[in-house]
Amino acid sequence: MTTKMKNKWFSFALILFASTAHARHFTEIEFEGLEATKQATLMDLLPRALPAEISDDELREFSRRVKNLGLFDQVMTSEEGSKIKVVLKHKSTLSPIVSFSSGKTLEDSSATFGLVDYDGFGRATRVGAKIAYAERGINFAAWIDEHTYSPNSWAQEIEVYRTSSGFRFQDSSTSWSRNRLGGFLEWVTPFKYGSRVIYEIQPAVYYENFSNTNGQSPRDGYYFGSLFEVIYDAYKWDDLAPHGYKAVLELRPGYFTDGSFRGETRGKFSAAHAFSDRTAFTMFLNSNIVNSGNVNHSILIGSQQGVRGLPDSLYRCSFVNYGNFELRHSIGIAPRLFLQPTLFADAAVFQPMNSGGSAEPWVQALSTGAGLRIVPTGLTQLLARLDLAKLHIPNDAWMVQFGITQYF
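The rules behind the values
- Residues numbered from 1 in each chain as written.
- Predicted model: local features only at pLDDT ≥ 70, side-chain atom pairs only at ≥ 80, totals over all residues.
- Heavy atoms only, no water.
- Helix = DSSP H or I, 4+ residues; strand = E, 2+ residues; numbered from the N terminus.
- Buried < 20%, exposed > 50% of the residue type's maximum accessible area, 1.4 Å probe, protein only.
- Contact = heavy atoms within 4.5 Å.
- Areas by Shrake-Rupley, 256 points an atom, 1.4 Å probe, with all protein chains shown as cover.
- Lys, Arg positive; Asp, Glu negative; His and termini not counted.
- Charge placed at Lys NZ, Arg CZ, Asp CG, Glu CD.
- Pairing = 2+ DSSP bridges.
- Patch = residues over 30% accessible without salt bridge, like charges linked within 9 Å, V, L, I, M, F, W, Y side chains within 5 Å.
- Salt bridge = Lys/Arg side-chain N within 4 Å of Asp/Glu carboxyl O.
- Expected span 1.5 Å × (residues − 1).
- Polar contact = N/O pair within 3.5 Å; in protein donor to acceptor, adjacent residues only side chain to side chain.
- Axes fitted to C-alpha atoms, helices over the stretch in contact; angles between N-to-C directions.
- Core = buried A, V, L, I, M, F, W, Y, C linked by side-chain atoms within 4.5 Å.
- Phe/Tyr/Trp six-rings, centres within 6.5 Å; stacked < 30°, edge-to-face > 60°.
- Lys NZ or Arg CZ within 6 Å of the ring centre and 35° of its normal.

All right, on to the overall build of the protein chain then. Looking only at helices and strands, one finds three helices and 25 strands in the protein chain. Dimensions of the protein chain, computed from the C-alpha atoms along their principal axes, are close to 85 × 50 × 50 Å. Out of the 408 residues in the protein chain, the part that is buried amounts to 47%. Sequence-distant contacts, at least 24 apart, represent 56% of the contacts inside the protein chain between residues at least 6 apart. Summing over all exposed atoms, the protein chain offers an accessible surface of approximately 19300 Å²; the carbon and sulfur share of this is 61%. When the 40 basic and 41 acidic side-chain charges of the protein chain are each reduced to a single mean position, those positions are 3 Å apart.

In structure tokens:
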């Protein structure tokens, strides 16, 4: 055997040894700090049932999945011989939904009241109901959402809702409220190890009618549609310093009983970079498009969602693109309590519809500002937010916004 061939075999042996050396045989797992969460819920997140060979990369991915459930603000994984030990700091998961966000006007503010258990049945299933004032109308929803991080089983989501949205326009004095009563059932594929991709499918139906009509009387009817969604998930969630990225593509074909097609495509991209365990840059990009012709089948952009400082319940669009960017730094003020100053910028370009459903000229929007959050990491999805925004285009305006969740 030549020296060259010997070197090749030696390199191959080193690679083989390295790949096996980083996989260890584990026979059991121990959790500390589970509280109401069932042990089986977290064991199901492992790449395979114990006893089994598990690599270092798989252990890191297991830790990421546990953290992304949102039930724990601390997840520490270690090895003790043939045992995996996981030390957790559990959040309070039975929470009131008491969210508020001011809009451009008092009428365009939103408030939500409800109750949700983020760890329903001890299985990290979100079970909740809420009533809200948003988009100048009263809304209701109830849901059961299983988490999507199991590599072994499909997740299901079910929701029923009633929504009302007030319509007003720049080109006309006509106005009305659009009401929808409906629901959907969704299935999510298992999230296999070695893959970042999961798929979702959903049939959906709602009944649409109108009230408070002034100048027009749109037609009532039923919508029958579906959702096909592809998600690439490489995001690690954290209250203070998330990092990674997540991309989502949604296709929503549907049919309305007036004989029209209602289609929508959505693209979403979330990303974060943690400079330290207290400082992070975060961003959210969103792009939506619907077939134009009926303003009741449109996309809404404003201060509530899009660009802080824009009027709410005004821009009904056929095409919306916007991005939100924040630099967050957290300062500890008490155990599990942080003060979080934030700098932000929001930008958008969108194509509004007029009251007849025709596309109007493109509009650009830009706002910048600063904010302050009080973040109690022992609570799930609950904080205090204050933002001061300066809208630069399409016009100059100032806005103060309050909220009880992050803007994105």
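Turning our eyes to something else, we now look at the pairing of strand 12 (residues 197-214). Along a regular strand, successive side chains alternate from one face of the sheet to the other. In this sheet, strand 12 lies alongside strand 11 (residues 175-188) in antiparallel orientation, the contact comprising eleven bridges. Within strand 12, the residue paired with leucine 181 across the bridge is tyrosine 207. Note that strand 12 and strand 13 (residues 221-236) share twelve bridges and pair antiparallel. Within strand 13, the residue paired with tyrosine 207 across the bridge is tyrosine 222. Hairpin connection between strand 12 and strand 13: a loop of six residues separates the two successive antiparallel strands, and glycine 215 in this loop has a positive phi of roughly 100 degrees.

This part covers a nonpolar patch on the surface. Together, Phe100, Leu372, Leu386, Leu388, Trp398, Val400 and Phe402 make up a nonpolar patch on the protein surface, roughly 640 Å² of accessible area in all. For the nonpolar patch, the secondary-structure elements that each account for two or more residues are strand 24 (384-393) and strand 25 (397-403). Among the elements that take part in the nonpolar patch, strand 25 stands out by supplying three residues, more than any other.

The end-to-end C-alpha distance of helix 3 (residues 56-68), which contains 13 residues, comes to 18 Å, matching closely the 18 Å that a straight helix rising 1.5 Å per residue would cover. Across the 13 residues of helix 3, ten count as buried, placing the element largely inside the fold. Buried residues of helix 3: Glu58, Leu59, Glu61, Phe62, Ser63, Arg64, Arg65, Val66, Lys67 and Asn68, and no others. Of the residues trailing helix 3, glycine 70 is marked for its positive phi of about 80 degrees.

Alternating positions in strand 9 (residues 137-145) separate cleanly, Gly137, Asn139, Ala141, Trp143 and Asp145 being buried on one face and Ile138, Phe140, Ala142 and Ile144 remaining unburied on the opposite face. Where strand 8 (residues 125-134) meets strand 9, nine bridges bridge the pair, whose relative direction is antiparallel. Residue pairing for strand 9: tyrosine 133 is matched across the bridge by isoleucine 138. The loop that links strand 8 with its antiparallel partner strand 9 comprises two residues; one of these, glutamate 135, has a positive phi angle of about 55 degrees. Across six bridges, the pairing between strand 9 and strand 10 (residues 155-167) is antiparallel. Bridge assignment links alanine 142 to a residue of strand 10, and that residue is valine 160.

Tracing the backbone through its elements, the reader meets serine 367 in strand 23 (residues 363-376). Exposure remark for serine 367: the relative accessible area of 0% places this residue in the buried category. Along the primary structure serine 367 and isoleucine 393 are separated by 26 residues, whereas in three dimensions their C-alpha atoms are 7.3 Å apart. Beyond its immediate stretch of four places on either side in the chain, serine 367 contacts Val307, Arg308, Ala345, Asp346, Lys390, Leu391 and His392. Among the polar contacts made by the side chain of serine 367, one reaches the main-chain carbonyl oxygen of arginine 308 at a distance of 3.0 Å.

Applying the stated rule across the entire model yields 28 salt bridges. A salt bridge links glutamate 208 to arginine 262; the shortest N-O distance between them is 3.0 Å. Of this pair, glutamate 208 sits in strand 12 while arginine 262 sits in the loop between strand 16 (260-261) and strand 17 (264-274), placing them 54 residues apart in sequence. Considered together, glutamate 208 and arginine 262 belong to a single accessibility category, that of buried residues. Between aspartate 387 and arginine 373 there is a salt bridge; the shortest N-O distance is 2.5 Å. Of this pair, aspartate 387 sits in strand 24 while arginine 373 sits in strand 23; the two residues are 14 residues apart in sequence, bridging distant segments of the chain.

In space, the three strands of this open sheet follow the order 2-5-4, with mixed pairing throughout. In this open sheet, the two strands that pair with only one neighbour each are strand 2 (28-32) and strand 4 (72-80). The sheet shows a mean angle of 20 degrees between the axes of neighbouring strands, taken without regard to direction. Pairing analysis gives eight bridges linking strand 4 to strand 5 (residues 83-90), with the strands arranged antiparallel. Bridge pairing in strand 5 places serine 78 opposite lysine 85.

This part covers the side chain of asparagine 286. Tracing the backbone through its elements, the reader meets asparagine 286 in strand 18 (residues 279-290). For asparagine 286, the side chain forms a polar contact with the side chain of asparagine 288, separated by 2.9 Å. Once you skip the residues sitting within four places of it in the chain, asparagine 286 turns out to touch Gly267, Lys268, Val320, Asn321 and Tyr322.

Grouped together as the largest cluster of nonpolar side chains are 40 residues, with contacts concentrated most on Leu42, Phe62 and Leu88. Beyond its immediate sequence surroundings of up to four residues, leucine 42 is in contact with Phe31, Leu34, Thr37, Phe62, Val66, Leu69, Phe72 and Leu88. In terms of nonpolar packing, the next biggest core, distinct from the first, is built from 23 residues, Phe169, Val290, Ile301 and Val307 among them.

A few words now on the packing of aromatic side chains. Throughout the structure, instances matching the rule amount to twelve aromatic pairs. On the basis of an interplanar angle of 25 degrees and a centroid distance of 6.4 Å, the ring pair of tyrosine 222 and phenylalanine 224 is categorised as stacked. Plain terms: the ring middles of phenylalanine 284 and tyrosine 322 are 6.2 Å apart, the flat faces sit at 55 degrees to each other, and that makes the pair tilted. Residue phenylalanine 284 is found in strand 18, and its partner tyrosine 322 is found in strand 20 (residues 315-329); the two are separated by 38 residues along the sequence. Taken individually, phenylalanine 284 and tyrosine 322 each receive the classification buried, so the pair is uniform in this respect. An aromatic cluster of at least three residues, connected via ring pairs, comprises Phe167, Phe169 and Trp176. Seen from the ring of phenylalanine 344, arginine 308 lies directly overhead, with NZ or CZ sitting 3.9 Å from the centre.

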